[in-house]
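Tertiary structure, described
Take a look at the letters that make up each chain.
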Amino acid sequence: MATKIRLQRGGRKSYAFYRIVIADARAPRDGRFTEKIGTYNPNTNPATVDLNFDRALYWVETGAQPTDTVRNILSNEGVYLMKHLRTGIKKGAFDEATAQKKFDAWKEAKVKGFNAVREMELKSKKDAAAKELEAEKKINETIAKKVAEKKAAAVAAQQEAETAPAEEAPAEA
């Protein structure tokens, strides 16, 4: 049986949500599958991946062929790196402790990169919000000045109207 690791679509229209499944290559996309090993949600930023690492590694080592998107997901999660390290262990290039240290160092660097990207996004959002707030304050100040000028003009006109009839009335008598 030719086994594939692929995405099974779910979710509503224009809001896709995928399961990462092991399926026979002849089965339809959303049809029967052997095992579900995770989920993939491309709607979040960054995309959310929940993966059973051990089962994914087992199936990759067994020979299941992933689709292009799933290969990228597995690569980003480190499944292919671990497969590579296990091959090195089998060949005697290094021991299991060294392989685990290499994998942990890679994972730590990956997490630092994700955190740096998230911090940059948060900082840019805060900066954009601060700029919008400053622009809004300037607009509000100009509007407040215009309103104050209109009120001052109205008060001055009202005072002129009150003083002008009082001066005209005694002049006639």
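Look a little higher up for the structure.
Right, let's walk through the structure included here. (Residues numbered from 1 in each chain as written. Predicted model: local features only at pLDDT ≥ 70, side-chain atom pairs only at ≥ 80, totals over all residues. Heavy atoms only, no water.)

**A few points about the sheet that holds strand E5 (residues 65-66)**
Definition in use: For two strands to be treated as a pair, DSSP must find at least two bridges joining them. Only runs of H or I of at least four residues qualify as helices and only runs of E of at least two qualify as strands under DSSP, and these elements are numbered from the N terminus. The criterion used for residue contact is that any of the two residues' heavy atoms lie within 4.5 Å. For helices, the fitted axis covers only the stretch in contact; all axes are lines through C-alpha atoms, and the angles between them, taken along N-to-C directions, range from 0 to 180 degrees.
Spatially, 5 strands are ordered E4-E3-E2-E1-E5 in an open sheet, and the strand pairing comes out mixed. Each edge of the sheet is formed by a strand with only one pairing partner; in this case those strands are strand E4 (48-51) and E5. Taken strand by strand, helix H1 (residues 53-62) contacts strand E1 (3-12), strand E2 (15-24), strand E3 (35-41) and E4, and its axis lies near 115° from that of E3.

**Considerations on the nonpolar core**
Which entries qualify depends on this criterion: Throughout, nonpolar core names a set of buried Ala, Val, Leu, Ile, Met, Phe, Trp, Tyr and Cys residues whose side chains join them through atoms within 4.5 Å. Each residue is assigned to one of three classes by its accessible area relative to the maximum for its type, calculated with a 1.4 Å probe on protein chains only: buried under 20%, partly exposed between the two thresholds, exposed over 50%.
Membership of the largest hydrophobic core comes to 20 residues, with the highest contact counts inside it found for Ile-5, Ile-20, Ile-37, Leu-51, Leu-74 and Val-79. Of all the secondary structure elements, the ones that give two or more residues to this core are E1, E2, E3, H1, helix H2 (68-77), helix H3 (79-91) and helix H4 (96-172). It is H1 that provides the largest number of residues to this core, a total of 4 residues. Excluding its chain neighbours within four sequence positions, the residues that come into contact with Ile-37 are Ile-5, Ile-20, Ile-22, Asp-50, Leu-51, Asn-52, Arg-55, Ala-56 and Trp-59.

**Focus: the pattern of salt bridges**
The test is simple: Salt-bridge detection follows one rule: a side-chain nitrogen of Lys or Arg within 4 Å of a carboxyl oxygen of Asp or Glu.
Evaluated as defined, the whole model comprises 5 salt bridges. Where Asp-30 meets Arg-29, a salt bridge forms, and the shortest distance between an N and an O atom there is 2.8 Å. Asp-68 is paired through a salt bridge with Arg-71; the nearest N and O atoms lie 3.0 Å apart. In this pair, Asp-68 and Arg-71 both sit in helix H2, 3 residues apart, roughly one turn of the helix. On the basis of relative accessibility, which here comes to 56%, the residue Asp-68 falls in the exposed class.

**Quick notes on H2**
Operational definition: The directions considered for the arc run from the helix axis to the C-beta atoms.
For H2, every residue scored as buried is listed here: Val-70, Ile-73 and Leu-74. Projected down its long axis, H2 carries its buried residues within an arc of 95°, all on one side. Of the residues trailing H2, Gly-78 is marked for its positive phi of about 95°.

**A look at a nonpolar patch on the surface**
Which entries qualify depends on this criterion: Residues forming no salt bridge and having over 30% relative accessible area are the ones grouped into patches, like charges within 9 Å of each other and nonpolar side chains (Val, Leu, Ile, Met, Phe, Trp, Tyr) within 5 Å. All accessibility values rest on the Shrake-Rupley procedure with a 1.4 Å probe; residue burial counts only the protein chains present in the view.
Side chains of Ile-139, Ile-143 and Val-147 sit close together on the surface and give an oily, nonpolar patch of about 260 Å² of accessible area. Mapping Ile-139 onto the fold places it in helix H4.

**What to know about the pairing of E1**
In the case of a regular strand, side chains alternate between the two sheet surfaces. Note: E1 against E2, 10 bridges, orientation antiparallel. Of the residues in E2, the one forming a bridge with Lys-4 is Ala-23. If you look at the hairpin formed by E1 and E2, you'll find 2 residues sitting between the two strands, and Ser-14 has a positive phi there, around 65°. Relative to E5, E1 runs parallel, the two being bridged by 2 bridges. Residue pairing across strands places Ile-5 opposite Pro-66, the latter belonging to E5.

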